[in-house]
Amino acid sequence: MIRKKKKVKEKKMTNKPCRFCMDDIEIDYKNTILLRRFVTDRGKITPRRITGTCARHQRRVAAAVKRARFIALLPYVKVYYR
Ligand SMILES: [Zn+2]
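Residues numbered from 1 in each chain as written. Predicted model: local features only at pLDDT ≥ 70, side-chain atom pairs only at ≥ 80, totals over all residues.

**Quick word on the overall build of the chain**
Piece 1. Helix and strand counts for the chain stand at 4 helices and 0 strands.
Piece 2. N-terminal to C-terminal, the α/β element order of the chain is α-α-α-α.
Piece 3. Of the contacts formed within the chain by residues at least 6 apart in sequence, a portion of 69% connects residues at least 24 apart. (Helix = DSSP H or I, 4+ residues; strand = E, 2+ residues; numbered from the N terminus. Contact = placed C-beta atoms within 7 Å.)

See the structure below:
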């Protein structure tokens, strides 16, 4: 009998703590040095599973990034010219 093994999606439990919870950092849209770390080099917001931020802080980061974009502190997209 051939039984297909169900692929169990491994949930990566990389106990990466949320940086904001750990150090109690306030998320400010003017703090672009901080926000830049949560944005890819193309200007996209990095997903939670990569940065390890908790849901609450990720939401705040996303809002801060969007606000920073609006007042042109962060780029919407970064275009690489070939
Ligand atoms: Zn957090």
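**A word on the environment of Ala 68**
Piece 1. Relative to the assigned elements, Ala 68 resides in helix H4 (residues 55–70).
Piece 2. By C-beta crowding, Ala 68 is classed as buried, having 20 other C-beta atoms within 10 Å.
Piece 3. Spatially, the C-alpha atoms of Ala 68 and Lys 30 are 6.7 Å apart, while their sequence positions differ by 38 residues.
Piece 4. Residues within four places of Ala 68 in sequence aside, it is in contact with Tyr 29, Thr 32, Leu 35, Leu 73 and Leu 74. (Buried ≥ 20, exposed ≤ 12 C-beta atoms within 10 Å, placed from the backbone.)

**Some remarks on the nonpolar core**
Piece 1. Within the largest apolar cluster, 8 residues are counted, these being Tyr 29, Leu 35, Phe 38, Val 61, Ala 64, Val 65, Ala 68 and Leu 74.
Piece 2. Setting aside residues no more than four positions away along its own chain, Leu 35 makes contact with Val 61, Ala 64, Val 65, Ala 68 and Leu 74. (Core = buried A, V, L, I, M, F, W, Y, C linked by C-beta atoms within 7 Å.)

**Overview of the environment of Gly 43**
Piece 1. By secondary structure assignment, the location of Gly 43 is in the loop between helix H2 (32–35) and helix H3 (48–51).
Piece 2. Residues Gly 43 and Leu 74, spaced 31 residues apart in sequence, show a C-alpha to C-alpha distance of 7.6 Å.
Piece 3. Aside from chain neighbours lying at most four places away, what touches Gly 43 is Leu 74, Pro 75, Tyr 76, Val 77 and Lys 78.

The analysis is restricted to geometry; functional conclusions fall outside its scope.
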